[in-house]
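Residue-level listing of the chains:
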Amino acid sequence: MSDITILLDAIGRGEERASADLLPLVYDELRRLAANRMAGQSAGHTLQATALVHEAWLRLGKDEEKKWQDRSHFFRAAAQAMRQILVDRARQKLSLKGGASAKRVSIDDIDLPHADVDDRVLLVDEALSRLEKEDPESARVVTLKFFGGLTNKEVAGILGVTERSVERQWAYARTCLFEMMHKER
Amino acid sequence: MNSHEIEKALFEAARGFDDAETQRAFLEQTCRENDALRTRIERLLTVESEAADFFSVAPVLVPEEAESGNGTQDNASEPARSSAETAPAMVDRYRLLERLGEGGCGVVYLAEQLTPVSRKVALKVIRLGMDTERVIARFELERQALALMNHPNIAQVLDAGATESGRPYFVMELVRGIKITEYCEERSLDIRSRLGLFVQLCLAIQHAHQKGILHRDIKPSNVLVAEEEPGQIGIPKVIDFGIAKAIEGHPATATVSVRGQFIGTPAYMSPEQAGINPHDIDTRSDIYSLGAVFYELLTGRPPFDSEQLANAAPDEMRRILQNHEPLPPSRLLNSIGQNELEAIAVRRQSDPSKLLATLRGDLDWIVMKALEKDRQRRYASASGLAADVERYLNNEPVSARPPSRIYRLQKLVRRNRATFASIAAVSVALIAGLSTSTWLFFKEREVRRQQALLLAEAEKNEKITRAAFLAREGKPGEANALLEQIYSLPQRPSLDGVSAFRAVGDWLALQQKWQEATRRFAFVMHLDELDFWGSVTIDYQAYAVLLVETGDLSTYAHFCRASAARYSKETNGDAASRILKSCLLRPPDAALSTLLQPLAKAAENAFPKSGSKPWAAIPVSLWRYRCGDYRSAAEVALPKEGQSDTSAATATNCAILAMALFHEGKVEEARGNVARAQKIVDAGFARLNVGNGSQGYWFDWLFARELLREATAMIEGNGSQGKATEELQKVR
């Protein structure tokens, strides 16, 4: 944990390489945390992704003292890590189902109201990869909101914009993404 | 600016408009050259709320133990389901179990009601991210509109409230059943049974239309049939008025989203719904969709291929729906393969040739009329459609089809087959025992007589029905030709009859054929005995004035006495006023004026002290005049500032005023008013048409003219009218 703190300080000081190292660290931390939380729990016990992310942040200690840049870097990394974790788990479950699941999930196969969280995660992930190439700004918002589960206010704090601005960007981004998911036939 | 930024900016701006019209105009302006961009933005706007909802479900993690388990496939498939949503939510006393669907501004869940009784219900909550006041108001409107409906074939609203977080919800009857089309196929229902279900469906939609609610997405999956008693045909129920909107409301999005599809199932969508301006929808759009469902019930498939439509681009889809004519059911079945046709026929308890024969003719006509591209040519109401289907079931002539003599004769025979059969049996017996049975001879005559009566009765009713239909079709001349042949009313007259006679009566009156009109209205009066509507008293006015116009004063006197007696307890000011007015075209004798006292009281009570309309003044001023209260009659009849001086009511008031003034000795003023009234009446008669409530119906003009005659005779003539009034004064 202290590694992350050190890294954040380093990033704060402007050390280039430090930010690249942040993501894998955060990823490991989150995975470890998740495993801890989920171990020995019954099937009904679910854990929201955002809860995990926030807990990890809290464990960094001295939350109030952290500068907003640190928050910014951490949460961005955490959201990305969360994306990875969720996608991994979803793929794993899909492969466990065997047979039919080997086929790629497409939005038309899914009865949206009953759509599995895993299916959603995979669909969003795929479409997001495409969106990142065209519109990285929107993609960033999606990652923070959906995978990070952050509120508009938190996202505003992290990106350094107004809450209203986040709301608008999120509306556009998710609509764009949704449309992309549909085009993928 | 790259394309995404432009898009984003436009999207955000367009989103801000609540009003679809302004939004469209905005996009037209900003994307003037660029069709592709505009389509793109429109597309985004369409899917926006879908997207919001999709992303509102947050990703969660599940314990990995549950996944690996014993490593077998069975175990693995189970936990996948448990990862779907978080723990079941509670909303007041309802436990949410499963999400059923979405539409409009809400999501529908399967829920379990816990108290006071435990049962499953459907609960609709306003969607996440849609909490603006405007949306909440719309949701509430929808709930109220749905709560207004009370029909056995429409899913009922049971309860309403708000969640802890303040989101409004309402609870509906849960309908467990299967799609009507599937139901009919699975149970292999024959055509008649299917028609029975369909009629119920139409009447349910009619009920909604009468409450001002359009369904907008009628299709088989929204009409569920639940089997009640084993062995009996189930009851169809219409669900998912969730996307219905009160007719006065303003739909914000052009298309409807249901279960991941963005467009309301195209196969059942009316051409105008697919059109460029889908906001101009009315009840006939629902009728089209009913027609499409009907088509499928008969033939096993909807009029257009769902897949083909869904795969087409919006423009192409529009083109198909608006221009491409579907084959009538019998012709469609004629064109498919023999095997398929047999399969379809079997599921309708029929065989290919019988089925084709059944569909050919009336059923073809009814379906195609409901599916007309031009909505003016469709059935005007769901009940009209139901009525035609019922006529088919009763072997009566169907309105959708222009009747020929042979066609109608066929129907007549078919309907009275039972009677014809028994006649035939008796005839045979007669021939056999002719030499010995005088008794049978008389019986035969009796039977023949009864038969003739029955047929006459049937024909009379038919004529009336037909006349009603013709009148509605705007052919009053033909309708009149039929009604002329009727000299006495059938034993059991129908409401159809009232409207037919009234319509024809109006038409005759407009041609100033007073005698004939009177005869028709005599029947209207008789038929009105059956029913109490506000319009009845309007009929009284028409009849009364016709009697006076044709000089039938003895019938008029009788009519006045009867009406006054009948309505003596009337408390409704308007109705009392109309009757009162109708009875005062001539000075009333003592008996009549006694009868009129309570009506006069009711009319006076209803009369506002200031700012009243001319027509409201007439009964009061006329009554006061007839009673000899000349001054107060004049006061009331005096035209007020800013009132129209071309209406029949004004002319009437002028005539009354003239007479009152004359009695007060103000002869010149009286003359002036007579002249004024004359001018108005002349102009009115010159352009006589059916008229309306404000300028005056044709009978209002007759009324005015009649009083004007009286006034003119009084002022220019021998003043004999004055004597009658004096008589009345003595009595009072």
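Predicted model only: the values in this text are computed from it and were never measured.

Moving on: the overall build of chain A. If you tally the helices and strands in chain A, you get 8 helices and 1 strand. What you see in chain A, going N to C, is helices and strands ordered as α-α-β-α-α-α-α-α-α. Of all 185 residues assigned to chain A, the portion counted as buried reaches 52%. Long-range contacts, defined as pairs at least 24 residues apart, comprise 60% of the intrachain contacts of chain A with a sequence gap of at least 6. As presented, chain A carries roughly 8700 Å² of accessible surface, and 49% of it is formed by carbon and sulfur atoms.

In terms of helices and strands, chain B carries 32 helices and 14 strands. Here chain B holds 732 residues, and the buried ones make up 49% of them. In chain B, once contacts between residues fewer than 6 apart in sequence are set aside, the share between residues at least 24 apart is 65%. As displayed, chain B has an accessible area near 34900 Å², and 51% of this comes from carbon and sulfur atoms.

Residues and elements named next belong to chain B. Within the open sheet, the 3 strands sit side by side as β8-β10-β11. Their pairing is antiparallel. Strands at the two margins of the open sheet, each flanked by one partner only, are β8 (178-179) and β11 (235-238). As defined by bridge partners, β8 adjoins strand β10 (residues 223-226) across 2 bridges and the pair is classed as antiparallel. Each residue of the ladder has a partner; that of Ile-178, found in β10, is Val-225. Across the sheet, helix α8 (residues 191-210) touches β10 and β11, and the angle it forms with β11 is around 35°.

Bringing the packing of helix α5 (residues 117-134) of chain A against helix α6 (residues 136-147) of chain A into the picture now. Residue and element names in this part refer to chain A. Their axes nearest at 7 Å, the elements α5 and α6 cross at an angle of 155°. In terms of axis orientation, α5 runs roughly antiparallel to α6. The crossing of α5 and α6 is left-handed. Of the residues in α6, those in contact with Val-121, Val-124, Asp-125, Leu-128, Leu-131, Glu-132 and Glu-134 of α5 are Pro-136, Ser-138, Ala-139, Val-142, Thr-143, Phe-146 and Phe-147. Looking at the contact of α5 with α6, its residues break down into 9 nonpolar, 2 polar and 3 charged.

Next up on the list: the pattern of salt bridges. Using the criterion set out here, one finds 39 salt bridges over all chains in the structure. Here B:Arg43 and A:Glu179 are joined by a salt bridge, their closest N and O atoms 3.1 Å apart. A residue pair is termed interchain when its members come from two chains, as with B:Arg43 in helix α3 (residues 35-54) and A:Glu179 in helix α8 (residues 163-183). Take A:Glu179: its relative accessible area is 6%, and that puts it in the buried class. Across the pair B:Arg347 and B:Glu185 runs a salt bridge whose closest N-O atoms are separated by 2.4 Å.

With that out of the way, let us pick up the confidence of the model for chain B. All names here are of chain B. This prediction gives chain B a mean pLDDT of 76; 74% of its residues lie at or above 70. Here helix α5 (residues 73-82) stands out as the element of chain B with the lowest mean pLDDT, 34, in contrast to helix α10 (residues 283-299), whose mean of 94 is the highest. In this model residues 242-264 is a low-confidence stretch, pLDDT under 50, and it forms 62 contacts with partners more than four residues away in sequence or in other chains. The ipTM assigned to the predicted complex is 0.85, against a pTM of 0.41.

A few words on the environment of B:Ala479. In this structure, B:Ala479 sits in helix α20 (residues 476-484). When the C-alpha atoms of B:Ala479 and B:Ala468 are compared, they prove to be 7.0 Å apart, with 11 residues separating the residues in sequence.

Residues and elements named next belong to chain B. When the terminal C-alpha atoms of helix α24 (residues 553-566) are compared, their 19 Å separation across 14 residues agrees well with the 20 Å that a helix rising 1.5 Å per residue should span. Inspection of α24 places Tyr-556, Phe-559, Cys-560, Ser-563 and Ala-564 among the buried residues, and these make up the whole buried set. Buried positions in α24, seen along its axis, are confined to an arc of 120° and lie on one side of it. For α24, the exposed residues lying more than 90 degrees away from the buried face are Ser-554 and His-558.

Inspection of the entire model under this criterion finds 18 aromatic pairs over all chains. Summarising the aromatic geometry, the rings of B:Tyr540 and B:Tyr567 are spaced 5.3 Å apart at their centres and angled 80° between planes, so their arrangement reads as edge-to-face. Taken as a pair, B:Tyr540 in helix α23 (residues 534-549) and B:Tyr567 in the loop between α24 and α25 (573-582) lie far apart in primary sequence, 27 residues in all. Accessibility expressed as a relative area gives 6% for B:Tyr567, which makes it buried. Between A:Arg120 and the ring centre of B:Phe54, over which it is positioned, the NZ or CZ distance is 4.7 Å. Over the ring of B:Tyr379 we find B:Lys369; its NZ or CZ atom is 4.9 Å from the centre of that ring.

Now for unusual backbone geometry. All names here are of chain B. Its identity as a non-glycine residue notwithstanding, Arg-216 has a phi of 75°, on the positive side. Looking at the secondary structure, you find Arg-216 in the loop between β9 (213-214) and β10. With a phi angle near 60°, Gln-512 is a residue other than glycine that sits in the positive phi range. You can see Gln-512 is positioned in the loop between α21 (495-510) and α22 (514-528).

Residues and elements named next belong to chain B. Within the secondary structure, Asp-159 sits in strand β6 (residues 157-162). Classification of Asp-159 as buried rests on a relative accessible area of 19%. Here Tyr-94 takes part through its side chain, which lies 2.6 Å from a polar atom of the side chain of Asp-159. Once you skip the residues sitting within four places of it in the chain, Asp-159 turns out to touch Arg-93, Tyr-94, Tyr-169, Phe-170 and Val-171.

For the rest of this paragraph, the subject is the nonpolar core. A general tendency of soluble globular proteins is for nonpolar side chains to be buried together. Grouped together as the largest cluster of nonpolar side chains are 84 residues, with contacts concentrated most on B:Phe559, B:Leu596 and B:Trp698. Of all hydrophobic cores here, the second largest spans 74 residues; its members include B:Met149, B:Leu197, B:Met317 and B:Ile320.

Residues and elements named next belong to chain A. Here α6 spans 15 Å end to end across 12 residues, near enough to the 16 Å set by a 1.5 Å rise per residue. Across the 12 residues that make up α6, a large majority, 9, are buried. Taken together, the buried positions of α6 are Ser-138, Ala-139, Val-141, Val-142, Thr-143, Leu-144, Lys-145, Phe-146 and Phe-147.

Residues and elements named next belong to chain A. Of note, Leu-159 is situated in helix α7 (residues 152-159). Separated by 90 residues in sequence, Leu-159 and Gln-69 place their C-alpha atoms 9.3 Å apart. The contacts of Leu-159, once residues within four sequence positions are left out, are Arg-76, Arg-140, Val-141 and Leu-144.

Quick look at the confidence of the model for chain A now. Averaged over all residues, the pLDDT of chain A is 76; the fraction at 70 or higher stands at 76%. Contacts for the low-pLDDT stretch residues 99-114 of chain A, under 50 throughout, to residues beyond four places or in other chains number 34 contacts.

Criteria and thresholds
Residues numbered from 1 in each chain as written. Chains lettered and ligands numbered in written order. Predicted model: local features only at pLDDT ≥ 70, side-chain atom pairs only at ≥ 80, totals over all residues. Heavy atoms only, no water. Helix = DSSP H or I, 4+ residues; strand = E, 2+ residues; numbered from the N terminus. Buried < 20%, exposed > 50% of the residue type's maximum accessible area, 1.4 Å probe, protein only. Contact = heavy atoms within 4.5 Å. Areas by Shrake-Rupley, 256 points an atom, 1.4 Å probe, with all protein chains shown as cover. Pairing = 2+ DSSP bridges. Axes fitted to C-alpha atoms, helices over the stretch in contact; angles between N-to-C directions. Parallel < 35°, antiparallel > 145°, perpendicular 65-115°, else oblique. Left-handed = near helix turned anticlockwise from the far one by under 90°. Nonpolar A, V, L, I, M, F, W, Y, C, P; charged D, E, K, R; others polar. Salt bridge = Lys/Arg side-chain N within 4 Å of Asp/Glu carboxyl O. pLDDT = per-residue confidence, 0-100. Expected span 1.5 Å × (residues − 1). Arc of directions from axis to C-beta. Phe/Tyr/Trp six-rings, centres within 6.5 Å; stacked < 30°, edge-to-face > 60°. Lys NZ or Arg CZ within 6 Å of the ring centre and 35° of its normal. Polar contact = N/O pair within 3.5 Å; in protein donor to acceptor, adjacent residues only side chain to side chain. Core = buried A, V, L, I, M, F, W, Y, C linked by side-chain atoms within 4.5 Å.

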